[in-house]
Amino acid sequence: MRSSLAPGIHLITSFSRDSWYRSFTLFLTFLFYTAYHLSRKPISIVKSELHRNCSTVIRPVDLNITDNATWCDWAPFDQDNYKTLFGALDNSFLVAYAIGMFFSGIFGERLPLRYYLSIGMLLSGLFTCLFGLGYYWNIHSIWYYAFIQAMNGLVQTTGWPAVVACVGNWFGKGKRGFIMGVWNSHTSVGNILGSLIAGVFVSSAWGMSFIVPGLIIASTGILCFFFLVEKPEDVNCTSPQHHSAEQEPLLRSSSTSEGIFNSPSPISAESSEGAEDHTQAISFYGALTIPGVIEFSLCLLFAKLVSYTFLYWLPLYISNVAHFEAKEAGDMSTLFDVGGILGGITAGLVSDYSGGRATTCCVMLLAAAPMLFLYNLIGQRSLGTTVGMLLVCGGLVNGPYALITTAVSADLGTHESLRGNSRALSTVTAIIDGTGSVGAALGPLLAGLISPSGWNNVFYMLISADLLACLFLSRLVYKEVQGWCGHAPRTRGL
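Computed from a predicted structure; not experimentally measured. (Residues numbered from 1 in each chain as written. Predicted model: local features only at pLDDT ≥ 70, side-chain atom pairs only at ≥ 80, totals over all residues. Heavy atoms only, no water.)

Colleague: Mind showing me how you'd approach the overall build of the protein here?
Modeller: When you go through the protein residue by residue, the secondary structure sums to 19 helices and 0 strands. Split into buried and exposed, the 494 residues of the protein put 57% on the buried side. Across the protein, the fraction of contacts at a sequence separation of at least 24, relative to all contacts at a separation of at least 6, is 83%. (Helix = DSSP H or I, 4+ residues; strand = E, 2+ residues; numbered from the N terminus. Buried < 20%, exposed > 50% of the residue type's maximum accessible area, 1.4 Å probe, protein only. Contact = heavy atoms within 4.5 Å.)

Structure (structure tokens):
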């Protein structure tokens, strides 16, 4: 008589071989992009250490310096233009990232993703460590730090198009919003871990705040080289089906008089001619003509402007307004990212259920505008208020950003007009995130220029950006609402 299986073994055997590979790929890509964001975060934590209020710091007795105003600062950030210099560092990274992103997707479709990601993570680890070594080498040139940031920005563009393309290769459209909403929490998890790791060293030896994250991302690059599986067919697994007989209103072809609401066509009806082109990489212009790419790209430009302004300036804002020390301000800023995790998952669930990616984004962006105003107005009155407002603002700001860069990008990259061409996903993702990265570069730059006139003006700029992001989605929201009102059938992902 055969004995019953242990519960753990029964659980293991209940998953198919395909499920194990999909789960493993999802875990690996989550780990990889967590490392990417972990290595970006230290600069925002270290800012408040590079320029401090030295009058409140106890000066060592063996330090013979007469200038009490800036003795504890790190040159060249010891002058009154330190915010401008911080803005220059941010934009060295972000401008290089924005420019590189438009080319990264093209390379990602033509090179093996495993090699592309591995090399990118190793180089990113190198440049992150070099920034931290400036502390030990006693380097005080803004040009050194700006150059390192720019080079790091370029190599970090290897990450996003590659991991989204890899996940898109393994997962079909079914519950993509929820799956990628959970998966996209790697952004916030990386920010949280980066803040905590940098916070451990920031007050004693800020160089280690960069070196440790640099070693971590380099290690994940080695892990990627040995274990990443790019496509299901590489290990004889079943490829996912990206389209069903019914399509969401937003993602239908617009070739008939019904616009994007024409009758759906099953994948089985694809001609053999289209199958021949499935291995050809799509052109940049061809990706732009996919319905929805331009609108979501422009929306992400302003949504990412808001998100990255918080990413780079929130710890300094908390330190200046609430008068926290550098470590405490960094720890407090992680609550914004915790809210971002919840916002991304919520956005994915709602958009799966409703079939309205654009409407979900628009509603959250509209709700974020008054919450940002309230956070600036009353957010620092008490610890409880600060915690609550940071969680809510993080969810509303990062929810749409997470949805567009994951589920929406994957939807558009596997759009039915591509006729099954899976190699378009990396280029579409790069276009959307590259356009968003322009906003990511503008946000911290504008914050650096505006903040000397008062933090209120920075928040007015962020609120305006949120409203503009909604404006670019208005046409798509209108079409989704039309679809719900009976002009086209609705498909639920759950």
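Colleague: Please explain the nonpolar core as it appears in this structure.
Modeller: Generally speaking, soluble globular proteins have nonpolar side chains that are buried together. Leu117, Leu372, Tyr375 and Leu462 are the most contacted members of the largest nonpolar core, which totals 118 residues. Counting residues per element, this core draws most heavily on helix α13 (residues 293-322), which supplies 18 residues. Contact partners of Tyr375, with chain neighbours within four places excluded, come to Leu314, Tyr317, Ile318, Gln380, Met389, Leu390, Cys393 and Phe459. (Core = buried A, V, L, I, M, F, W, Y, C linked by side-chain atoms within 4.5 Å.)

Colleague: Whenever I open this one, helix α6 (residues 142-156) confuses me. Can you help?
Modeller: In an α-helix there are 3.6 residues to a turn, and that puts residues three or four apart on one side. Given a rise of 1.5 Å per residue, 15 residues ought to cover 21 Å, and the 21 Å separating the end C-alpha atoms of α6 matches this to within 8%. Every buried residue of α6 is accounted for by Ile142, Tyr144, Tyr145, Ala146, Ile148, Gln149, Asn152, Gly153, Val155 and Gln156. On its buried face, α6 is in contact with α2 (17-40), α3 (42-50), α4 (82-110), α5 (113-136), α7 (159-170) and α10 (208-227). The N-cap residue of α6 is Ser141: its side-chain oxygen and the backbone nitrogen of Trp143 are 3.2 Å apart. (Expected span 1.5 Å × (residues − 1). Polar contact = N/O pair within 3.5 Å; in protein donor to acceptor, adjacent residues only side chain to side chain.)

Colleague: Quick question: what am I supposed to make of the pattern of salt bridges here?
Modeller: For side chains of opposite charge, pairing can occur when their charged atoms come near one another. The final tally for this structure, using the stated rule, is 5 salt bridges. Here Asp433 ties to Lys304 by a salt bridge, and the two come within 2.8 Å at their closest N and O atoms. Here Lys304 lies in helix α13 and Asp433 lies in helix α17 (residues 425-450), a separation of 129 residues in the sequence. Here Asp433 matches Lys304 in class, with each residue buried. Among the ionic pairs, Arg357 bridges to Asp352, the shortest N-O distance being 3.1 Å. (Salt bridge = Lys/Arg side-chain N within 4 Å of Asp/Glu carboxyl O.)

Colleague: How should the side chain of Arg357 be read in this particular structure?
Modeller: Structurally, Arg357 is set in helix α15 (residues 357-378). Exposure remark for Arg357: the relative accessible area of 1% places this residue in the buried category. Of the polar contacts made by the side chain of Arg357, one reaches the side chain of Ser351; its length is 2.8 Å. At a separation of 3.1 Å, a polar atom in the side chain of Arg357 contacts the side chain of Asp352.

Colleague: Looking at this model, I keep getting lost on a nonpolar patch on the surface. Mind explaining?
Modeller: A cluster of nonpolar side chains, Phe24, Phe27, Tyr115, Ile119, Leu122, Leu123, Leu126, Ile222, Phe225, Phe226 and Phe227, forms an exposed patch at the surface whose accessible area comes to about 1100 Å². Among the elements of the structure, α2, α5 and α10 are those that each provide at least two residues to the nonpolar patch. With 5 residues, α5 is the largest single contributor of residues to the nonpolar patch. Tracing the backbone through its elements, the reader meets Phe24 in helix α2. (Patch = residues over 30% accessible without salt bridge, like charges linked within 9 Å, V, L, I, M, F, W, Y side chains within 5 Å. Areas by Shrake-Rupley, 256 points an atom, 1.4 Å probe, with all protein chains shown as cover.)

Colleague: I keep staring at the packing of α3 against α13 and nothing clicks. Help me out?
Modeller: Describing two packed helices takes the angle between their axes plus the distance from one axis to the other. One way to put it is that α3 packs onto α13 with a least axis distance of 7 Å and a crossing angle of 30°. On the basis of their axis angle, the class for α3 and α13 is roughly parallel. Our pair here, α3 against α13, has a crossing hand that is right-handed. Two secondary-structure elements touch here, α3 through Ile43, Ser44, Ile45, Lys47 and Ser48 and α13 through Leu311, Tyr312, Trp313, Pro315, Leu316 and Ser319. Of the residues in the contact of α3 with α13, the class split is 7 nonpolar, 3 polar and 1 charged. (Axes fitted to C-alpha atoms, helices over the stretch in contact; angles between N-to-C directions. Parallel < 35°, antiparallel > 145°, perpendicular 65-115°, else oblique. Left-handed = near helix turned anticlockwise from the far one by under 90°. Nonpolar A, V, L, I, M, F, W, Y, C, P; charged D, E, K, R; others polar.)

Colleague: Would you mind showing me how to read the packing of aromatic side chains here?
Modeller: Aromatic rings considered in pairs are described by the distance between their centres and by the relative angle of their planes. The tally for this structure, following the rule as stated, stands at 29 aromatic pairs. Taken together, a centroid distance of 5.7 Å and an interplanar angle of 25° make the contact between Trp160 and Trp183 stacked. Here Trp160 is found in helix α7, whereas its partner Trp183 is found in helix α8 (residues 176-183), with 23 residues between them in sequence. Its relative accessible area of 2% is what places Trp160 among the buried residues. An aromatic cluster is present here, built from Trp74, Phe77, Tyr82, Phe86, Phe131, Tyr135, Tyr136, Tyr144, Tyr145, Trp206 and Phe210 joined pairwise through their rings. Lys47 extends its terminal NZ or CZ atom over the ring of Trp313, reaching a point 4.3 Å from the ring centre. (Phe/Tyr/Trp six-rings, centres within 6.5 Å; stacked < 30°, edge-to-face > 60°. Lys NZ or Arg CZ within 6 Å of the ring centre and 35° of its normal.)

Colleague: Just checking my understanding: could you explain the side chain of Lys304 for this structure?
Modeller: The exposure class assigned to Lys304 is buried, which follows from its relative accessible area of 1%. Among the polar contacts listed, one links the side chain of Lys304 to the side chain of Ser437, at a separation of 3.2 Å. Leave out the neighbours within four places in its chain, and Lys304 touches Tyr97, Tyr401, Asp433, Gly436, Ser437, Gly439 and Ala440.

Colleague: What is the right way to read empty space enclosed by the protein from this model?
Modeller: In this approach, a probe sized like a water molecule rolls over the atoms, and the result shows the empty space that is left. Scanning all chains against the criterion turns up 5 cavities of 30 Å³ or more. Approximately 150 Å³ is the volume found for the largest cavity. Around the largest cavity, the lining is made up of 19 residues, and of these Thr187, Asn191, Ser307, Asp337 and Asn398 lie nearest the centre. Elements supplying a minimum of two residues to the lining of the largest cavity: α9 (185-201), α13, α14 (326-354) and α16 (383-413). The element best represented in the lining of the largest cavity is α13, accounting for 5 residues. Residues of the lining of the largest cavity, tallied by class, amount to 7 nonpolar, 10 polar and 2 charged. (1 Å grid on protein atoms, 1.4 Å probe; cavity = no way out; pocket = protein on both sides within 12 Å on 5 of 7 lines; lining within 4 Å. Points joined across faces, edges and corners; volume = space filled by probe spheres on them.)

Colleague: Help me out: how do you make sense of unusual backbone geometry in this one?
Modeller: Excluding glycine, residues mostly have negative phi values, and the peptide bonds linking residues are mostly trans. The omega angle of the peptide bond from Ala75 to Pro76 is 10°, so this bond is cis rather than trans. Here Pro76 shows up in the loop between α3 and α4. With phi around 60°, Asn236 is a residue other than glycine that occupies positive phi space. One can find Asn236 in the loop between α10 and α11 (272-276).

Colleague: Looking at this structure, how should I read helix α18 (residues 455-472)?
Modeller: For α18, spanning 18 residues, the distance from its first C-alpha to its last is 27 Å, which sits close to the expected 26 Å at 1.5 Å a residue. For α18, every residue scored as buried is listed here: Trp455, Val458, Phe459, Met461, Leu462, Ile463, Ala465, Asp466, Ala469 and Cys470.

Shape is all these values report; function is a separate question.
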